[in-house]
Each structure stands twice: as structure tokens, then as C-alpha cells.
Amino acid sequence: FWSRPAAVRPNQTQPPNRAEETSQTGTNQSAPWICSGQEKEMAERAMERLGILDLKGRCFRELSGGQQQRVLIARALCAAGKMLILDEPVTGLDPQAIQDFYGFIKRLNREEGVAIIMVTHDVANMVGQADKILHLQQKVLFYGKAQDYKKTRAGREFLGVGEV
């Protein structure tokens, strides 16, 4: 998640340590280590949207996997605004953190209009959360409404439902 080894702020020789600093790196793509007051406010609003404002002063490395995931989503919201592209976002999270993650992603989508494009192998959970499913395997096996996916051969096989 962090690729800049050099100093990231004046007098700082390490990557951001606090959750707040990590989320701020999404506000200024040309110089992510420098944040204006407005960009700091943007990062704080993103953290508030995700219910993690209380984590802003905590060391990022000491947060749980689910908390780190939310901080990184806040960072992405600062950079992207109305669209998130997520690649296997629940890998390494415990079952409760996975459900919490899907809950806040669903809220971002439904209540705030953030478009979510997610690559995942956690299709069983996603079928109940997503509006649309694109199932690829060398070619398009299905694209359409999530509830229709369960009725297709590809959906039944992948979900382990068998014949209906």
C-alpha cells in the first residue's frame, strides 16, 4: 500500500505512521506527502464516512486487519471520490470483519452513490450484496443481476448449489 521509501513530509523519514496520515496520502496524487488544510479535511471526512474517525491518531501498523482496510478505503475515497475498484478486498480478514466490510461497502454504494467494482472469489457472500455479477473464466460466463446469477449453470456450479 505504500511504495515511497524516501521522506514523505518535511522532517519525516518513514512512511505515514498514523491512520490519519495514511488516509491523507490519497488526497494529493502529485505530491501525496504534502497536504493542505482542505485535503486534511477531505481525509477526515472520508474517515468519518467509514466510522473510523476515532482511529486517526492510532498507529496504522497496530490496527486490526479490518481497521486497516477501512483506512485504506478512506485513502481510496480521497483519491477516487465516487468510484472504488477493489481487488480481493476481504483476503486475510476474519469472518466478522468481512461482514462489516461488506456492510460499509453496501452503505457507500446505496446511500452515497459510490460505484463499487470488486474482484473477488468470495462469490457466495457477494451474490447477496451485489447488484450485478460478471463471472469470467477465459470468457464471459455471466453478466447480469445477482439474483439471476444463482439460476445459471455457472452460478450453480460456482456456488455449489447443484441442479435446480
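Anything mentioned here points back to the structure above.
Cut-off values and rules
- Residues numbered from 1 in each chain as written.
- Predicted model: local features only at pLDDT ≥ 70, side-chain atom pairs only at ≥ 80, totals over all residues.
- Heavy atoms only, no water.
- Helix = DSSP H or I, 4+ residues; strand = E, 2+ residues; numbered from the N terminus.
- Expected span 1.5 Å × (residues − 1).
- Buried < 20%, exposed > 50% of the residue type's maximum accessible area, 1.4 Å probe, protein only.
- Polar contact = N/O pair within 3.5 Å; in protein donor to acceptor, adjacent residues only side chain to side chain.
- Axes fitted to C-alpha atoms, helices over the stretch in contact; angles between N-to-C directions.
- Parallel < 35°, antiparallel > 145°, perpendicular 65-115°, else oblique.
- Left-handed = near helix turned anticlockwise from the far one by under 90°.
- Contact = heavy atoms within 4.5 Å.

Observations regarding helix H4 (residues 95-112)
Every α-helix winds through 3.6 residues per turn, so residues three or four apart in the chain are directed the same way.
Right, so step 1: Its 18 residues give H4 an end-to-end C-alpha distance of 25 Å, which sits within 8% of 26 Å, the value for a rise of 1.5 Å per residue.
Right, so step 2: Listed in full, the buried residues belonging to H4 are Ala97, Ile98, Phe101, Tyr102, Phe104, Ile105 and Leu108.
Right, so step 3: By the N-cap criterion, in which a side-chain oxygen at the helix start approaches the backbone nitrogen of a residue two or three places on, H4 is capped by Asp94, the distance to Gln96 being 3.0 Å.
Right, so step 4: Positive phi shows up at Gly113, right after H4, with a value of about 70°.

Things to note about the packing of helix H2 (residues 37-49) against helix H3 (residues 65-80)
Right, so step 1: Between H2 and H3, whose axes approach to 9 Å, the crossing angle comes to 130°. Classified by the angle between their axes, H2 and H3 sit oblique to one another. In this structure, H2 meets H3 at a crossing whose hand is right-handed. Where H2 approaches H3, its residues Met42, Ala43, Ala46, Met47 and Arg49 are matched on the opposing element by Ala74, Leu77 and Cys78.

Quick look at the packing of H3 against H4
When two helices pack together, their arrangement is given by the angle between the helix axes and by the axis-to-axis distance.
Right, so step 1: One can describe the packing of H3 onto H4 by two numbers: an axis separation of 10 Å at closest approach and a directional angle of 20°. With respect to H4, the element H3 is oriented roughly parallel. Crossing handedness for the pair H3 and H4: right-handed. Contacts between H3 and H4 involve Gly66, Gln69, Arg70, Ile73 and Leu77 from the former and Ala97, Asp100, Phe101, Phe104 and Leu108 from the latter.

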